[in-house]
Each structure stands twice: as C-alpha cells, then as structure tokens.
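Read off the chains here:
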Amino acid sequence: MTLTQRIRDIQDSIQVACRRAGRNPSDVRLLAVSKMQPVALIEEAYAIGVRDFGENYIQELLEKRAKLRHLSEIQWHFIGHLQTNKAKVAALNANYVHAVDSEKLVDALVKARQAFDAPLSIFIQVNLDDEPSKGGVSPTTVGFLADKILKEKKLKLEGLMCIPKAHHSPEQMRPAFRALSQMAADLAKSHVFSAPLQLSMGMSEDFEVAIEEGASWVRIGRKLFGDR
C-alpha cells in the first residue's frame, strides 16, 4: 500500500469515527509520528498534505528540522519524555511540546522561550494509570500545574495528553480516553482558558476510540508510515 493510500485510509477512518461521535472531522488533527523515519518519507507525506510531525528524540528532531527547512508550513511536535536539560533545545526548535509533566520543566521552557514573541504551545501529560515507567503528572495534580502554566505568558496550554496502559483491544482503552476527556471538562469549569482544551490521545491501534471520546490530536506512526 502506498503512503497516499494509507493517509487516505486514516483520514477516512477519522471521518467515520467523527460521524459516530457526532463530531466535526475538522476538529480532529493528524499528527504523523515520524520518529526513525527517513527525511524523504516525511517530504512525501508533506507533499500529500500532512503538516504536523512528531518526534521522540531531541537530536533526531534537530537533524530533521535542519534538513527540512524548505518545507515552510511544517510543524514540529516533540512528543517524547523531555528532560529538563533538553528543555531549551525543545523550546527553540519545536512548535508543540506534548509531554510537560513538572513545574521544573515549565520553568525551563519559560526561560528558554524569552526571546520569542509567540508562546510555545504545550500539553500537560497525565499518567492516568500511575505507571512508574511513564512520565506524566497524577490526575490529582493536573490543576496545580495548569495554574502555573496559565500564569506564564511565554507558554500556551493547549490541553492534556496521555499514553494509557496498553491493552489487547482498542475498546479496552476507552475508559482511559474518557477519563482524560472528563479531566479536561473539569478543568474548564475551574479555570479560564482562551480556547477549548485539546486532547492529544490515541495512536495507530486505538485512535478511532480516542476520537469517539474527544481526541483533538491523534498520534499515528505505524499505520501511516508502515513498520520501521
């Protein structure tokens, strides 16, 4: 199957899931997870119409960004675990950071972003299942971190992000996606945001369920680019 066919299939699936949920497909955006993928494949996806690409490793993001500067509309998302000592590089080279999970990291991003007029778009990563191997704040402390971010002019809180515990079937992921959606709704009741909170959730195997539960960004790698 060609890349064009895979992208078309994903877009069709997004539309079907939106219809089931009574949502507008334009409210769901595709984030192509391009980690470990060659630059030529990213260029091909861009030519087809994909604009948002997600990288997990800082060095890889830097190398690809340098090679693809000619793609004027490309948007880089850092979606991996971000160490504080790498925050400056992310803040200067990414358009979005999806895994913010501590006050210390927020402070580092703010400091690095001082020279920019436009704020850096970020998501709070929530560790829904309290998995020690994953980053993310606990559900009980999301509000506190949101309070801190909202006070910073150099950051824009786009929404919440999660990587739920893996299960055998997409349907088993639904409670986690629903929990993050409810968390965003609760935050909206207690905080003032400039725009509705977005949800970065859902990957190749479960993005349709994530959309049914309110996903705004679906992070898709294997289903889009094929096996690495």
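Above this note sits the structure.
First things first, this report covers the structure right here in the doc. On a predicted model such as this, the values are computed, not experimentally measured, just so you know.

Turning our eyes to something else, we now look at the packing of aromatic side chains. Under the counting rule described, the total for this entry stands at two aromatic pairs. Between F53 and W76 the ring centres are 6.2 Å apart and the planes differ by 50°, which places this aromatic pair in the tilted class. One end of the pair, F53, is in strand β2 (residues 52-55); the other, W76, is in strand β3 (residues 75-78), with 23 residues separating them in the sequence. An identical accessibility class is assigned to F53 and W76; each is buried.

Further remarks concern the pattern of salt bridges. Evaluation of the coordinates by the stated rule reveals 14 salt bridges. With its nearest N and O atoms 3.3 Å apart, the salt bridge here joins E208 to R20. With E208 in helix α8 (residues 207-212) and R20 in helix α1 (residues 3-21), the pair connects residues that are 188 residues apart, well separated along the chain. We classify E208 as partly exposed; its relative accessible area is 28%. E55 is the salt-bridge partner of K64, the closest N and O atoms lying 3.0 Å from each other.

As a further point, take the layout of surface pockets. Computed from the structure, the largest pocket encloses a volume of approximately 560 Å³. Lining the largest pocket are 26 residues; nearest its centre among them are V33, K35, M203, S204 and R219. Residue assignment for the lining of the largest pocket shows that the elements contributing at least two residues are β8 (217-220) and α9 (222-225). A per-class count over the lining of the largest pocket returns 11 nonpolar, eight polar and seven charged. The volume enclosed by the second largest pocket comes to roughly 240 Å³. Lining the second largest pocket are Q11, I14, V28, R29, L30, G49, V50, R51, D52, E73 and Q75.

Cut-offs applied
Residues take numbers from 1 onward in each chain, read along the sequence in its written order. Note on the predicted model: pLDDT of at least 70 is required for a residue's local features to be given, and 80 or more for side-chain atom pairs to be given and counted; whole-chain, interface and lining totals, by contrast, use all residues. Based on all heavy atoms of the structure, the side-chain values leave hydrogens and waters out of the count. A pair of aromatic rings is counted whenever rings of Phe, Tyr or Trp (Trp by its six-membered ring) have centres within 6.5 Å, and the orientation is called stacked for planes under 30 degrees apart, edge-to-face for over 60 and tilted otherwise. Segments assigned H or I by DSSP are reported as helices when at least four residues long, segments assigned E as strands when at least two residues long, and all are numbered from the N terminus. Remark: exposure states derive from per-residue accessible area (1.4 Å probe, protein chains only) relative to the maximum for the residue type, with buried under 20%, exposed over 50%, and partly exposed in between. Any Lys or Arg side-chain nitrogen found within 4 Å of a carboxyl oxygen on Asp or Glu counts as a salt bridge. The rule is simple: put a 1 Å grid over the protein atoms alone, call a set of points where a 1.4 Å probe fits but cannot get out a cavity, call an open set with protein on both sides within 12 Å along at least five of seven lines a pocket, and count a residue as lining if it has an atom within 4 Å of a point. Grid points are joined across faces, edges and corners, and a volume is the space filled by probe spheres set on the points. Under the scheme applied, nonpolar residues are Ala, Val, Leu, Ile, Met, Phe, Trp, Tyr, Cys and Pro; charged residues are Asp, Glu, Lys and Arg; polar residues are all the others, including Gly.

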